[in-house]
Amino acid sequence: MSDRDGELLALAHALADLDHPTKVDASTWASNNLAQHDRVDADLTARFAHDDWKRLAERGFMRLLVAPENGGARADLATALLTLEGLGHGCRDNGLNYALASQILSTQVALDRFGSPEQRTRWLTPLLEGECFVAFGMTEPESGSDAYSLTTTAEPMDDGSYRLNGTKSFITFGSRCDMALVFATTDPSAGRWGISAFLVPADAPGFERSANRDKMGMRTTPFGDLTFDDVVVPGDAVLGRVGSGASIFNAVLEVERSYVFITQIGAMERQIDDTIAFANSRVQGGGPISHHQAVAHRIVDMKQRHETARLFVYKAAIAAVTETHTSLASALAKITACDAGIASALDAASIHGARGYVSAYEVERELRDAVGGLVYSGTSDIQRNVIARLLGLN
């Protein structure tokens, strides 16, 4: 059996077995070791669980997708997805789960694939050990969905260095990063091929991080803006080659868009478990509310959405292995999981009644967290544009 066939078989087993041992092991560990603090207060104060981040690193989560020669474990896709799905099921801090998925599916992918040995040693090694944070600096105040209309510039200097000026907005880890992977225009005349990627340390003169931004959901994920005012970096700060920034961004986005919802797939299953337990124990009118068809059907809808979203995410992994229709599969996975997460969180809130609306019961937070999926990793509307284009709709 070829390596590819083995990976496809592993993905098929992962998809078929909702109680796969790898997933159950990750869920059990996360439930017992993560998010043991006051989660309501952490959400209210937007407090990042740094101790839990270190526990994730010690457990090896950061090493899942990194090549062994670069310090990682390079698990097969099935193992990686099952592990992250189990994390989402067991850990009730969705902001922590998203922060992890965002890092290992974006900045770590970029460093692993495109970094020089020196860049990997300086930045990837401490990332894998949970000792630093890197921000993925693409989005700007006026270039969100139109990703390549960047105004941040990197002016080449006579000594081979570059001078960066501009602002990046709404960046995960932007408020506390140790380094930023910054996409900037080095040659305006070359369009998207004039974009380059730079590794910029946070202590570089002229580099400022904003305070943490308040947001609707996933409030425990650090979030902020980055400003560059005549920030000078050496030539060896370029990631990959000059002019390869768009290619690096596309390669990373395909990975992130395909799998970033895998922790939410686990969270959706946990939400179903919690809602079933509540519906079976909540007595109204002489019996549990689960006996009411309206309630039972809502839970069935939640289950249907969960299974559908899970199928689409694992199908995106299969497409990646077979190298067939990867862009279509990743866009479909993103919008399916996003829509399912929001609809199911709303159903859970409805079934819980007043408890679904009051913060102390930790139900309404799931809905606020799910809404973020409409925006990150490319808005859902843009994904629908991508799908329409791939279907041949002009």
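It should be emphasised that the depicted structure is a prediction, and the values quoted were computed from it without experimental measurement.

## Describing the pairing of strand 3 (residues 162-172)
- Both strand 2 (residues 153-156) and strand 3 contribute to a ladder of 4 bridges, which runs antiparallel. The partner of Pro156 across the bridge, within strand 3, is Tyr162.
- As paired strands, strand 3 and strand 7 (residues 223-233) are joined by 8 bridges and run antiparallel to one another. Note that in strand 7 the partner of Arg163 across the bridge is Val232.

## Comments concerning the pattern of salt bridges
- For the structure shown, the criterion picks out 23 salt bridges.
- Asp43 is paired through a salt bridge with Arg368; the nearest N and O atoms lie 2.8 Å apart. With a gap of 325 residues between them, Asp43 in helix 3 (residues 39-45) and Arg368 in helix 12 (residues 364-371) connect regions that are remote in the sequence.
- Residue classification places Arg368 among the buried positions, given a relative accessible area of 17%.
- Among the charged side chains, a salt-bridge network with shared partners connects Lys23, Glu85, Glu269 and Arg310.

## A word on the packing of helix 5 (residues 77-90) against helix 9 (residues 262-281)
- Two elements in contact, helix 5 and helix 9, have axes whose closest approach is 6 Å; the angle formed by their N-to-C orientations is 40°. Taken together, the axes of helix 5 and helix 9 lie oblique to each other. Of the two possible hands of crossing, helix 5 and helix 9 adopt the one that is right-handed. Across the interface between the two elements, Leu81, Leu84, Glu85, Leu87, Gly88 and His89 from helix 5 touch Ile262, Thr263, Ile265, Gly266, Ala267, Glu269, Arg270 and Asp273 from helix 9.
- The residue makeup of the contact of helix 5 with helix 9, split by class, is 6 nonpolar, 4 polar and 4 charged.

## Side note on the nonpolar core
- Trp53, Leu56, Phe61, Leu87, Leu100 and Phe183 are the most contacted members of the largest nonpolar core, which has 75 residues in total.
- If we skip the residues at most four places from it in the chain, Leu56 touches Trp29, Leu34, Phe61, Met62, Leu87, Leu96 and Leu100.
- Listed in part, the 20 residues of the second largest apolar core include Ile171, Ala202, Phe228 and Ala237.

## A word on helix 6 (residues 94-114)
- The end-to-end C-alpha distance of helix 6 is 29 Å, a good match for the 30 Å that 21 residues give at a rise of 1.5 Å each.
- At Gln108, helix 6 shows its largest bend, some 40°.
- A side-chain oxygen of the first residue of helix 6 lies 3.2 Å from the backbone nitrogen of Gly95; this N-cap is Asp93.

## Here we look at the packing of aromatic side chains
- Inspection of the entire model under this criterion finds 15 aromatic pairs.
- Here Trp53 and Phe173 contribute two aromatic rings whose centre-to-centre distance is 5.4 Å and whose plane-to-plane angle is 75°, an arrangement assigned as edge-to-face. Within this pair, whereas Trp53 is found in helix 4 (residues 50-59), its partner Phe173 is found in the loop between strand 3 and strand 4 (179-185), the two being separated by 120 residues in sequence.
- Overall, Trp53 belongs to the buried group, its relative accessible area being 0%.
- Through a chain of ring-to-ring contacts, the aromatic side chains of Phe48, Trp53, Phe133 and Phe173 assemble into a single cluster.
- Over the aromatic face of Trp193 sits the side chain of Arg192, whose NZ or CZ is 5.2 Å from the ring centroid.

## Re a nonpolar patch on the surface
- Nonpolar side chains collect at one region of the surface, where Tyr357, Val358 and Tyr361 lie side by side and expose about 380 Å² of accessible area between them.
- As for its position among the elements, Tyr361 is in the loop between helix 11 (326-352) and helix 12.
- With relative accessibility at 47%, the residue Tyr361 sits in the partly exposed group.

## Some words on the side chain of Gln271
- Within the element layout of this structure, Gln271 appears in helix 9.
- Owing to a relative accessible area of 7%, Gln271 belongs among the buried residues under this scheme.

About the cut-offs
Residues numbered from 1 in each chain as written. Predicted model: local features only at pLDDT ≥ 70, side-chain atom pairs only at ≥ 80, totals over all residues. Heavy atoms only, no water. Pairing = 2+ DSSP bridges. Helix = DSSP H or I, 4+ residues; strand = E, 2+ residues; numbered from the N terminus. Salt bridge = Lys/Arg side-chain N within 4 Å of Asp/Glu carboxyl O. Buried < 20%, exposed > 50% of the residue type's maximum accessible area, 1.4 Å probe, protein only. Axes fitted to C-alpha atoms, helices over the stretch in contact; angles between N-to-C directions. Parallel < 35°, antiparallel > 145°, perpendicular 65-115°, else oblique. Left-handed = near helix turned anticlockwise from the far one by under 90°. Contact = heavy atoms within 4.5 Å. Nonpolar A, V, L, I, M, F, W, Y, C, P; charged D, E, K, R; others polar. Core = buried A, V, L, I, M, F, W, Y, C linked by side-chain atoms within 4.5 Å. Expected span 1.5 Å × (residues − 1). Bend = angle between axes of the 7 residues up to and from the residue. Polar contact = N/O pair within 3.5 Å; in protein donor to acceptor, adjacent residues only side chain to side chain. Phe/Tyr/Trp six-rings, centres within 6.5 Å; stacked < 30°, edge-to-face > 60°. Lys NZ or Arg CZ within 6 Å of the ring centre and 35° of its normal. Patch = residues over 30% accessible without salt bridge, like charges linked within 9 Å, V, L, I, M, F, W, Y side chains within 5 Å. Areas by Shrake-Rupley, 256 points an atom, 1.4 Å probe, with all protein chains shown as cover.

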